[in-house]
Amino acid sequence: RSLVVVHFWAPWAPQCLQMNEVMAALAKEHVQVTFVKLEAEAVPEVSEKYEISSVPTFLFFKNSQKVDRLDGAHAPELTKKVQRHASSSSLSAASKDTAGEDLHVRLRRLINAAPCMLFMKGSPKEPRCGFSKQMVEILNKHGVSFSSFDIFSDEEVRQGLKTYSNWPTYPQLYVAGELIGGLDIVKELEASGELDTVCPKAQKLEDRLKVLINKAPVMLFMKGSKQMAKCGFSKQMIEIINSTGVDYETFDILEDEEVRQGLKTYSNWPTYPQLYVKGELIGGLDIVKELKESGELLPILKGEN
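Since we're looking at a predicted model, the values are computed, not measured.

1. Remarks on the domain arrangement of the protein
1) Next: Domain parsing of the protein yields domain 1 (3-87), domain 2 (103-198) and domain 3 (206-302).
2) Next: One C-alpha centre belongs to domain 1, the other to domain 2; they are set 28 Å apart.
3) Next: Around 400 Å² of area is buried between domain 1 and domain 2 when both sides are counted, 27% of it from carbon and sulfur atoms.
4) Next: A per-residue breakdown of the area domain 1 buries against domain 2 is headed by Lys66, Val67 and Arg84, which together make up 60% of the total.
5) Next: Between domain 1 and domain 2 we count one salt bridge in total.
6) Next: The salt bridge partner of Arg84 is Glu156, with a shortest N-O separation of 3.2 Å.
7) Next: At the boundary of domain 1 with domain 2, the tally comes to one residue pair in polar contact (both at pLDDT 80 or more).
8) Next: Breaking the side of domain 1 that touches domain 2 down by element, the ones donating at least two residues are strand S4 (65-71) and helix H3 (75-87).
9) Next: Along the lines of polarity and charge, the residues of the side of domain 1 that touches domain 2 split into one nonpolar, no polar and three charged.

2. Description of the pattern of salt bridges
1) Next: The final tally for this structure, using the stated rule, is 16 salt bridges.
2) Next: For Glu155, the salt bridge identified is with Arg158, shortest N-O distance 3.8 Å. Here the residue Glu155 and the residue Arg158 both occupy positions in helix H6 (residues 155-165), the gap between them amounting to three residues, near one helical turn.
3) Next: In this structure, Glu258 and Arg208 form a salt bridge, with 3.1 Å as the shortest nitrogen-oxygen distance. Residue Glu258 is located in helix H11 (residues 257-267), and its partner Arg208 is located in helix H9 (residues 205-213); the two are separated by 50 residues in the primary sequence.
4) Next: A cluster of three or more residues bridged by salt bridges with shared partners is formed by Asp68, Lys81, Arg84, Arg106, Asp154 and Glu156.

3. Points about the sheet that holds strand S12 (residues 280-283)
1) Next: What the four strands build is an open sheet, ordered S10-S9-S11-S12; its pairing is mixed. Bordering the open sheet on either side are strand S10 (249-252) and S12, each of which pairs with just one other strand. Ignoring strand direction, the axes of neighbouring strands in this sheet form an average angle of 30°.
2) Next: Bridge count between strand S9 (residues 218-222) and strand S11 (residues 274-277): four bridges; the pairing is antiparallel.

4. What to know about the state of the cysteines
1) Next: Under the criterion given, the structure shown has zero disulfides.
2) Next: The closest cysteine sulfur to the non-disulfide-bonded Cys16 is located on Cys231, 12 Å from its own sulfur.
3) Next: Residue Cys16 is classed as buried on the basis of its relative accessible area, which comes to 0%.
4) Next: Under the relative-accessibility criterion, Cys231 is labelled buried at 10%.

Thresholds applied
- Residues numbered from 1 in each chain as written.
- Predicted model: local features only at pLDDT ≥ 70, side-chain atom pairs only at ≥ 80, totals over all residues.
- Heavy atoms only, no water.
- Domains from an automatic or database assignment.
- Buried area = accessible area lost by both parts, 1.4 Å probe.
- Salt bridge = Lys/Arg side-chain N within 4 Å of Asp/Glu carboxyl O.
- Polar contact = N/O pair within 3.5 Å; in protein donor to acceptor, adjacent residues only side chain to side chain.
- Helix = DSSP H or I, 4+ residues; strand = E, 2+ residues; numbered from the N terminus.
- Nonpolar A, V, L, I, M, F, W, Y, C, P; charged D, E, K, R; others polar.
- Pairing = 2+ DSSP bridges.
- Axes fitted to C-alpha atoms, helices over the stretch in contact; angles between N-to-C directions.
- Disulfide = S-S within 2.5 Å.
- Buried < 20%, exposed > 50% of the residue type's maximum accessible area, 1.4 Å probe, protein only.

So this is what it looks like as structure tokens:
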């Protein structure tokens, strides 16, 4: 009946250790909440079941049902979610009003999270109802660039959005923060030819990859960011590049599955991290280690070689 918070962590990730400290502090404050740590790589079948692709990730359970999740080391957000879920069962009328305001703000932020947002059951790769599946097929057929939110992952959003938008069913499609409608409306827009003018078009993947690769003179495609690596290989890579003092930018391939898979084919390089200089692939961690040992890395990063 009480709230259970599960931290999927890895001992090699410093951000996980930091979040363990945050959890310990929250445990003292919320004695009615159960906090659990699970080493993600030690329980692969559990991590796979709950789609844990990076650490730290936090799952929230009530009555043995998953009610929320948080990806990444966001201490303020974790604190906020714990407070919200821990107190939700004993809200007074006044605090319900405040919670309603918080939800309103959150829904507005989600709706505006991308130029085109689809609230659906499941994900575009694995729709969990026929209507959501049809909606995804129509958007893909017309080359629409969209992001999605799985309403099964958050009951508060699922119920709240119906009231917020005065639209009782899912899927729901939003463009530029405005509700377009559900499947029937989108079918009508498709039939009239208006869908192509209403929804933003997706950039071709190859063109998008070229732009990303050339975004900075030195680009690193990795799991996580230079501030927070989410795998051991990426962590080693940024340590090596940081030691050269050369400026570089990173792209988190965990945030974009299309880029993650597409770049492997585009570069004919199957693993991450991947390092590019002036749009050209240098290689992965092993190659960068070899270049560092031979003294070639710094001139390459500076574009001298």
